Amino acid sequence: YAEYLKYRPDDPKAYFWIGELNYDQQDFPAARRAFGQALALDSLHLNSNFRLYEVFVQEQQPDSASFYLDRVLRLKPDDPGYLRQQPRLRLAELYRSQGKAPQALRYYLQEAEAGTPDRQLVEDIAVLCEEVGEVNQALQWRQRLLTAQGGASSDQRATLESMVDLQVKAGDTKAAL
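The shown structure was predicted, so the numbers you read here are calculated from the model rather than taken from an experiment. (Residues numbered from 1 in each chain as written. Predicted model: local features only at pLDDT ≥ 70, side-chain atom pairs only at ≥ 80, totals over all residues. Heavy atoms only, no water.)

Colleague: Before we move on, can you summarise the overall build of the chain with the specific residues and values?
Modeller: From N to C terminus, the chain includes 12 helices and 0 strands. Helices and strands in the chain line up, N terminus first, as α-α-α-α-α-α-α-α-α-α-α-α. Within the chain, the fraction of its 177 residues that count as buried is 43%. Considering only residue pairs separated by 6 or more positions, the chain has 44% of its internal contacts joining residues 24 or more positions apart. Summing over all exposed atoms, the chain offers an accessible surface of approximately 10000 Å²; the carbon and sulfur share of this is 48%. (Helix = DSSP H or I, 4+ residues; strand = E, 2+ residues; numbered from the N terminus. Buried < 20%, exposed > 50% of the residue type's maximum accessible area, 1.4 Å probe, protein only. Contact = heavy atoms within 4.5 Å. Areas by Shrake-Rupley, 256 points an atom, 1.4 Å probe, with all protein chains shown as cover.)

Colleague: Quick rundown of helix α2 (residues 12–24)? Include the residues and the values.
Modeller: Between its first and last C-alpha atoms α2 spans 18 Å; for 13 residues at 1.5 Å apiece the expected length is 18 Å, and the two agree. Three or more residues of α2 are buried, namely Pro12, Ala14, Tyr15, Phe16, Gly19, Glu20, Asn22 and Tyr23. Buried residues in α2 make contact with α1 (2–7), α3 (28–41) and α4 (46–58). Backbone nitrogen of Lys13 and a side-chain oxygen of the N-cap are separated by 3.0 Å at the start of α2; the cap is Asp11. Positive phi appears at Gln26, one or two residues downstream of α2, with a value of about 60°. (Expected span 1.5 Å × (residues − 1). Polar contact = N/O pair within 3.5 Å; in protein donor to acceptor, adjacent residues only side chain to side chain.)

Colleague: Outline helix α8 (residues 101–114), supporting the account with residue identities and numerical values.
Modeller: Since one α-helical turn is 3.6 residues long, residues separated by three or four positions face the same way. For α8, which comprises 14 residues, the first-to-last C-alpha distance of 20 Å matches the rise-based estimate of 20 Å (1.5 Å per residue) to within 8%. Buried residues of α8: Ala101, Ala104, Leu105, Tyr107, Tyr108, Leu109, Glu111 and Ala112, and no others.

Colleague: Could you give an account of unusual backbone geometry, naming the residues involved and the relevant values?
Modeller: Of note in the backbone geometry, Gln26 takes a positive phi value of approximately 60° without being a glycine. Here Gln26 lies in the loop between α2 and α3. Exposure remark for Gln26: the relative accessible area of 60% places this residue in the exposed category.

Colleague: Please set out the layout of surface pockets residue by residue, giving values where relevant.
Modeller: Of the volumes computed, that of the largest pocket is approximately 300 Å³. As for the largest pocket, its lining consists of 18 residues, of which Gln86, Leu89, Glu111, Thr116 and Leu121 are closest to the centre. For the lining of the largest pocket, the secondary-structure elements that each account for two or more residues are α7 (87–97), α8 and α9 (119–131). Among the elements that take part in the lining of the largest pocket, α7 stands out by supplying 4 residues, more than any other. (1 Å grid on protein atoms, 1.4 Å probe; cavity = no way out; pocket = protein on both sides within 12 Å on 5 of 7 lines; lining within 4 Å. Points joined across faces, edges and corners; volume = space filled by probe spheres on them.)

Printed below as a string of structure tokens:
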């Protein structure tokens, strides 16, 4: 590809493939430079944007990763090629692992809006809503979790206890009783 670039220095695909080779060798700084060069030529080159998201996830830099993921999802919100890897969840988990609850919540909510959330996602959203002080929203997600749990179970009991605690925090003592 380097030889090809001598003849076509304005081809973003060549820089993308150089970035791919570096990414596969886990040379993330070199991959980042190559994908960046591709984007300097064509800022909407989706594969370079997505790969930069992945590079920044590998480097534990969620703010940079979110910039590139948002660009991809804005242009191709339903593309299964990009969504197959659950990039919103990966980014949310990275933010959460770094103690950035509001940012994690943003991507968990986007994932929930994009499809039918499973119980774990609903639970994660409820917990994060409570962490960021969104008590009423946390209560709504707990209610959703309770509905999904169905019959009597220890999970249902724990959800009910959490809901009572949230109702007390929200000042709704009637509902808590």
